Amino acid sequence: TRFSTFAVACHAVSFTDVEGSAWYADYVAFLAARGIVGGNNGAFSPDSSITRAEFVTILARMSGDDLGSPSASSFSDVASTDWYCAAVEWAYAAGVTTGADGKFNPNAPITREQMAAMLYRYTEYAGDVSDAEGMSAKEFSDYDGISSWAQAPIQWAVNNGIIAGLPDGSFAPVANATRAEASKMVAVLLQGMAG
């Protein structure tokens, strides 16, 4: 609304356990510079499983929305005093997650199919679901093990280069995702949305 001088800044962040040659290093650096991911005591722990609470926190930060300070939770296993409550409430209100049986299971590791589904719902919320063509998810050797609610999101994620199968031809839908894998998927999605 007014003339002024503005500057675009990039806050470079490095972690003691992320080597520049690692396949995920650029993705982690991209997200960390934007305040979307962080570490603990200078470490990122790329090979550790990422929890459901950590993942929705990443998506909430990526949204740029004002999360506020909720005084109550929509889930019986999330307290309003938990550090991730605002992000979980945002994800629930945005339709990114629904939980199950009134619970969110915040400290459970997120599975690959759960992550694909949340990323897909995030793009629906952001109004930026892209439509690309690629291999059929039915080509995965363990396609029958993919939950019905995750089949369309996985097909979308594969077609858009956000997630890939494993070298043995499987998808491993219920395998826990690592922090490195999550960083790649989120970074690829964000870069694609930015055009």
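Overview of the structure. (Residues numbered from 1 in each chain as written. Predicted model: local features only at pLDDT ≥ 70, side-chain atom pairs only at ≥ 80, totals over all residues. Heavy atoms only, no water.)

## Points about unusual backbone geometry
- Phi is positive for Asp101, which is not a glycine, with a value near 55 degrees.
- Mapping Asp101 onto the fold places it in the loop between helix H3 (85–94) and helix H4 (112–126).
- Judged by its relative accessible area of 80%, Asp101 is exposed.
- Even without glycine at this site, Asn105 takes up a positive phi of about 55 degrees.
- Looking at Asn105, the relative accessible area reads 39%, which means it is partly exposed. (Helix = DSSP H or I, 4+ residues; strand = E, 2+ residues; numbered from the N terminus. Buried < 20%, exposed > 50% of the residue type's maximum accessible area, 1.4 Å probe, protein only.)

## Quick notes on the packing of helix H2 (residues 52–63) against H4
- Contact geometry for H2 and H4: axes closest at 11 Å, N-to-C directions at 20 degrees. Viewed along their axes, H2 and H4 adopt a mutual orientation that is roughly parallel. Of the two possible hands of crossing, H2 and H4 adopt the one that is right-handed. Contacts between H2 and H4 involve Arg52, Phe55, Val56, Leu59, Met62 and Ser63 on the former and, on the latter, Gln114, Met115, Met118, Leu119 and Tyr122.
- Split by residue class, the contact of H2 with H4 holds eight nonpolar, two polar and one charged. (Axes fitted to C-alpha atoms, helices over the stretch in contact; angles between N-to-C directions. Parallel < 35°, antiparallel > 145°, perpendicular 65-115°, else oblique. Left-handed = near helix turned anticlockwise from the far one by under 90°. Contact = heavy atoms within 4.5 Å. Nonpolar A, V, L, I, M, F, W, Y, C, P; charged D, E, K, R; others polar.)

## Thoughts on the side chain of Ser183
- Here Ser183 shows up in helix H6 (residues 179–194).
- Leave out the neighbours within four places in its chain, and Ser183 touches Tyr27, Val28, Leu31, Val37 and Phe44.

## Notes on the nonpolar core
- Core analysis: the biggest nonpolar cluster contains 57 residues, and Phe55, Leu59, Leu119 and Ile154 have the highest contact counts within it.
- If you list the elements that add at least two residues to this core, you get helix H1 (25–33), H2, H3, H4, helix H5 (148–159) and H6.
- Counting residues per element, this core draws most heavily on H6, which supplies eight residues.
- Apart from the residues within four sequence positions on either side, Leu59 is in contact with Trp90, Val96, Met118, Leu119 and Tyr122. (Core = buried A, V, L, I, M, F, W, Y, C linked by side-chain atoms within 4.5 Å.)

## Let's talk about H4
- With 15 residues, H4 should cover 21 Å at 1.5 Å per step; its first-to-last C-alpha distance of 21 Å lies within 8% of that length.
- Buried within H4 are the following residues: Arg112, Glu113, Met115, Ala116, Ala117, Met118, Leu119, Tyr122 and Thr123.
- Just past H4, the residue Gly127 takes up positive phi, approximately 70 degrees. (Expected span 1.5 Å × (residues − 1).)

## A closer look at the packing of aromatic side chains
- Throughout the structure, instances matching the rule amount to nine aromatic pairs.
- Ring centres of Phe75 and Tyr92 lie 5.2 Å apart, and the angle between their planes is 75 degrees; on these two criteria the pair is classed as edge-to-face. A residue pair is termed long-range when its members are at least 10 positions apart, and Phe75 in the loop between H2 and H3 and Tyr92 in helix H3 qualify at 17 residues.
- Phe75 gets classed as buried once you look at its relative accessible area, which sits at 4%.
- With a centroid separation of 5.1 Å and an interplanar angle of 85 degrees, the aromatic rings of Trp83 and Tyr84 are classed as edge-to-face. (Phe/Tyr/Trp six-rings, centres within 6.5 Å; stacked < 30°, edge-to-face > 60°.)

## Quick word on the environment of Leu119
- Inspection of the secondary structure puts Leu119 in helix H4.
- With 32 residues separating them in the primary sequence, Leu119 and Ala87 have C-alpha atoms 15 Å apart.
- Those residues within four positions of Leu119 in sequence are excluded, and the remaining contacts are Phe55, Leu59, Trp156, Ile162, Met185, Val186 and Leu189.

## A short note on the pattern of salt bridges
- Throughout the structure, instances matching the rule amount to one salt bridge.
- A salt bridge links Arg112 to Glu181; its shortest N-O distance comes to 4.0 Å. Highlighted residues: Arg112 in helix H4 and Glu181 in helix H6, separated in sequence by 69 residues. (Salt bridge = Lys/Arg side-chain N within 4 Å of Asp/Glu carboxyl O.)

## Describing the environment of Leu59
- Within the element layout of this structure, Leu59 appears in helix H2.
- Residue Leu59 is classed as buried on the basis of its relative accessible area of 0%.
- Separated by 103 residues in sequence, Leu59 and Ile162 place their C-alpha atoms 15 Å apart.

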